[in-house]
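Single-letter residue listing:
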Amino acid sequence: MNRATGTETTAEGSRPVDGFDLYFGPVHPGSGNFGVKLTVEGERVVAARADPGYLHRGFEKLMEYRTPMQNAVLSDRLCILESLNWNLVHAEAVDRLCGTEIPERAKTIRVIMAELSRIQSHIIWYGVLSKALGFDTGFKVAFGYRDYVLDLFEFVTGGRVYPAGYLCPGGVRRDFPDGAGKRIEELLAKMETMVREFEAYDSKTIAARCRGIGILALDDALRLGATGPVLRASGLAADVRRDAPYEIYDKLDFEVPTREEGDAFARSFIRRREIEESIKIVRQALRRLPSEALPPVKPKVAGRIPEGEVYVRNEIARGEAGVYMRSTGESQPYRCKIRGPDLLHMIPVLEHLLVGAEVADVPAIYWSLNICPADMDR
Amino acid sequence: MASAQSDTERQELLEALASRFGVEPRVAADGTVWVSVDRGRLSDLLTFTRSEGFDHCSAISVTDWPDEQVFELTYHLWSYGDKVLLTVKSRVERRQPTVDSAIPLWGPSAQIHERELHELFGVEFTGNPDLAPLFLESWDGPPPFRKDFDWRAYVREAFYEEGEPREQGYWD
């Protein structure tokens, strides 16, 4: 049998070997809480069918029974890997419905924390992709650096992975503690060292394994609904932070890196460049941080959300996040639709990229999409 | 928040929508455009928005209004070129919720949103070839995100025992 073409040669000539089904996932270390059923012929994937649902918790429905402050805590769990970014989308939806003016200092803190969360999420992306490639050093280096960011999250929010709704409706749950600015500066210096390390790995190990696989053409990316780094790696410079700025992004100077190739390595490149841009953003935001202290946001237990509807979009680490919130004037939202980037990346985009790939490339393609089953299932 | 370019584009869009479809689009305080349209003209209007450069179907959603016996569909559309966010709303009969699929306009990105809404709300999208359940396994109850599905009662019946002292809290 010819393993590359999936054919075997018989007396009558060459014919395909019958395909069989191969499950990728849902065993957690390999795939996250998610599976793809691959139909393979020889070494080649001829069909892929995503199998979501392992993390479906029904957040949209749960939020209809809870007040915004309770929902702020729930919004942590929308994506474990970047909870602060999800905090922010939810908080903005409530703020716009209520017409709340957010103090400049709170807006700046929101941006700082959201960008640190993006860096942290990209570090995980780096780690899990390395792990998928069998490059254990990259995985350990990345997760080692991630802990520095988590230390800072713990210092500021009280939680390492889940900030308990730190970016909440009305601003932030509490002001930066004393010395936060200095600690963030120190953290950014570490992140810069890390980026240089990543660059060295990228140019050898990651490039050798990721170049030319999982190529997503730009028209396919648009058709399949790709957003964020995946779309930018295919050549479109779209970024909600720049195209429809929220918080203080319109006052900050940053680039939207793009690549034309659309392969797994291009997505790797975008990831590293975005960490650099986020470091730039946090530095600028720190310089702009107004000095007056922030009054703590007291949860309005009996507060009602004014009647209305909004659709809020944010650029989170994985792409475009959206919240459609409809209120009828009760203390709970009447409907809260959550749009995550990964419903698109993990079903249409992934199925498209896997067809025709070699089985050995499946983990690299899979993790190059920066997937998160939690925000896909919600 | 919005650039001068998107202001002009937004104004042109408002005028085009109003004159072609007799609808009354409005611009919200955050610069997003909202328009409601009758179910009969929904497909035409969506086709028009697609031709006007709304190339990204950000999300499709359903809001359930059992008292009025309608489902409200919302299409959240973004134009990468003009940088305008548009929401198209339309109401369908709750007893027979059928709409044309948006796959011809936005392809697989619309397909997956419709597939989710079919599972969670029971809306039929004519022309969508794959409406298989995404999340729930062996579920034969009503679509669970509908307002009249009492999930608390369901969870209590399915997972907790009334006589069990440690689970009394769920029955009080």
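Residues numbered from 1 in each chain as written. Chains lettered and ligands numbered in written order. Predicted model: local features only at pLDDT ≥ 70, side-chain atom pairs only at ≥ 80, totals over all residues.

1. Here's the deal with the overall build of chain A
(1) Moving on: Helix and strand counts for chain A stand at 14 helices and eight strands.
(2) Moving on: A compact globule built from 378 residues should have a C-alpha radius of gyration of about 21 Å, and chain A, at 22 Å, falls within 12% of that.
(3) Moving on: Expressed along its principal axes, the backbone C-alpha trace of chain A runs to roughly 80 × 45 × 35 Å.
(4) Moving on: Burial status across chain A gives 52% buried among its 378 residues.
(5) Moving on: Pairs at least 24 apart in sequence give 70% of the contacts found in chain A among residues at least 6 apart. (Helix = DSSP H or I, 4+ residues; strand = E, 2+ residues; numbered from the N terminus. Rg over C-alpha atoms; globule rule 2.2 N^0.38 Å. Buried ≥ 20, exposed ≤ 12 C-beta atoms within 10 Å, placed from the backbone. Contact = placed C-beta atoms within 7 Å.)

2. Points about the overall build of chain B
(1) Moving on: The secondary structure content of chain B amounts to five helices and seven strands.
(2) Moving on: Listing the helices and strands of chain B from first to last along the sequence gives α-β-β-α-β-β-β-β-α-α-β-α.
(3) Moving on: Across its three principal directions, the C-alpha atoms of chain B cover 65 × 35 × 30 Å.
(4) Moving on: Put simply, chain B has 172 residues, and 37% of those count as buried.
(5) Moving on: Residue pairs at least 24 apart in sequence account for 52% of intrachain contacts in chain B once pairs closer than 6 positions are excluded.

3. Regarding the sheet that holds strand β5 (residues 85–93) of chain B
All names here are of chain B.
(1) Moving on: Strand order in the open sheet formed by five strands is β1-β2-β5-β4-β3, and the pairing between neighbours is mixed. The sheet is open, and its two edges are formed by β1 (26–27) and β3 (56–65), each paired on a single side.
(2) Moving on: The pairing of β1 with strand β2 (residues 33–36) spans two bridges and is antiparallel. Bridged to Val27 within β2 is Val33.
(3) Moving on: Sheet strands in contact with helix α2 (residues 39–51) are β4 (70–78) and β5, and its direction is about 160° off that of β5. (Pairing = 2+ DSSP bridges. Axes fitted to C-alpha atoms, helices over the stretch in contact; angles between N-to-C directions.)

4. As for the domain arrangement of chain A
Residue and element names in this part refer to chain A.
(1) Moving on: For chain A, the assigned domains read domain 1 (7–51) and domain 2 (59–377).
(2) Moving on: Each of domain 1 and domain 2 has a C-alpha centre, and the two are 33 Å apart.
(3) Moving on: In this complex, domain 1 contributes 17 residues to the contact, which on the side of domain 2 involves 14 residues.
(4) Moving on: Those elements giving two or more residues to the side of domain 1 that touches domain 2 turn out to be β3 (20–24), β4 (35–41) and β5 (44–51).
(5) Moving on: Of the residues forming the side of domain 1 that touches domain 2, the biggest block, seven residues, is contributed by β5.
(6) Moving on: Broken down by class, the residue content of the side of domain 1 that touches domain 2 amounts to 11 nonpolar, three polar and three charged. (Domains from an automatic or database assignment. Nonpolar A, V, L, I, M, F, W, Y, C, P; charged D, E, K, R; others polar.)

5. Here's the deal with unusual backbone geometry
Negative phi characterises most residues that are not glycine, and trans characterises most peptide bonds.
(1) Moving on: Its identity is not glycine, yet Glu247 of chain A carries a phi of approximately 50°, on the positive side.
(2) Moving on: Inspection of the secondary structure assignment puts Glu247 of chain A in the loop between α10 (240–243) and α11 (264–288).
(3) Moving on: The backbone of Lys83 of chain B sits at a positive phi, close to 55°, despite the residue not being glycine.
(4) Moving on: Topologically, Lys83 of chain B is positioned in the loop between β4 and β5.

6. Notes on the confidence of the model for chain B
(1) Moving on: Looking at chain B as a whole, its pLDDT mean stands at 87, while 97% of the residues score no less than 70.
(2) Moving on: Scoring of the predicted complex yields 0.87 for pTM and 0.87 for ipTM. (pLDDT = per-residue confidence, 0-100.)

7. So, the nonpolar core
Residues and elements named next belong to chain A.
(1) Moving on: Judged by nonpolar contacts, the single largest core of 147 residues is most densely connected at Val349, Leu350 and Leu354.
(2) Moving on: At 15 residues, the largest contribution of residues to this core is made by helix α5 (residues 104–132).
(3) Moving on: Built from parts of two domains, this core gets at least three residues from each of domain 1 (7–51) and domain 2 (59–377). (Core = buried A, V, L, I, M, F, W, Y, C linked by C-beta atoms within 7 Å.)

8. As for the interface of chain A and chain B
(1) Moving on: At the interface, 30 residues of chain A touch 25 residues of chain B.
(2) Moving on: If you list the elements that add at least two residues to the side of chain A that touches chain B, you get α2 (59–63), α8 (218–223), β6 (308–316), β7 (319–327), β8 (335–339) and α12 (341–354) of chain A.

9. What about helix α4 (residues 83–98) of chain A?
(1) Moving on: Compared with an ideal rise of 1.5 Å per residue, which puts 16 residues at 22 Å, α4 of chain A spans 23 Å between its outermost C-alpha atoms and is within 8% of the ideal.
(2) Moving on: Within α4 of chain A, 15 of the 16 residues are buried, leaving the element largely enclosed by the surrounding structure. (Expected span 1.5 Å × (residues − 1).)

10. Focus: the sheet that holds β6 of chain A
All names here are of chain A.
(1) Moving on: Strand order in the open sheet formed by three strands is β6-β7-β8, and the pairing between neighbours is antiparallel. Edge positions in the open sheet fall to β6 and β8, since each of these has one partner strand only. The average undirected angle you get between the axes of adjacent strands in this sheet is 10°.
(2) Moving on: As judged from the five bridges shared by β7 and β8, these two strands associate in the antiparallel manner. Within β8, the residue paired with Arg326 across the bridge is Arg335.

11. What to know about the pairing of β3 of chain B
Residue and element names in this part refer to chain B.
(1) Moving on: In terms of burial, β3 is a largely internal element, nine of the 10 residues being buried.
(2) Moving on: Pairing between β3 and β4: nine bridges, direction antiparallel. The residue bridging Trp65 from the neighbouring strand is Val70, located in β4.
(3) Moving on: What sits between β3 and β4 in their antiparallel hairpin is a turn of four residues, with Gln69 showing a positive phi close to 60°.

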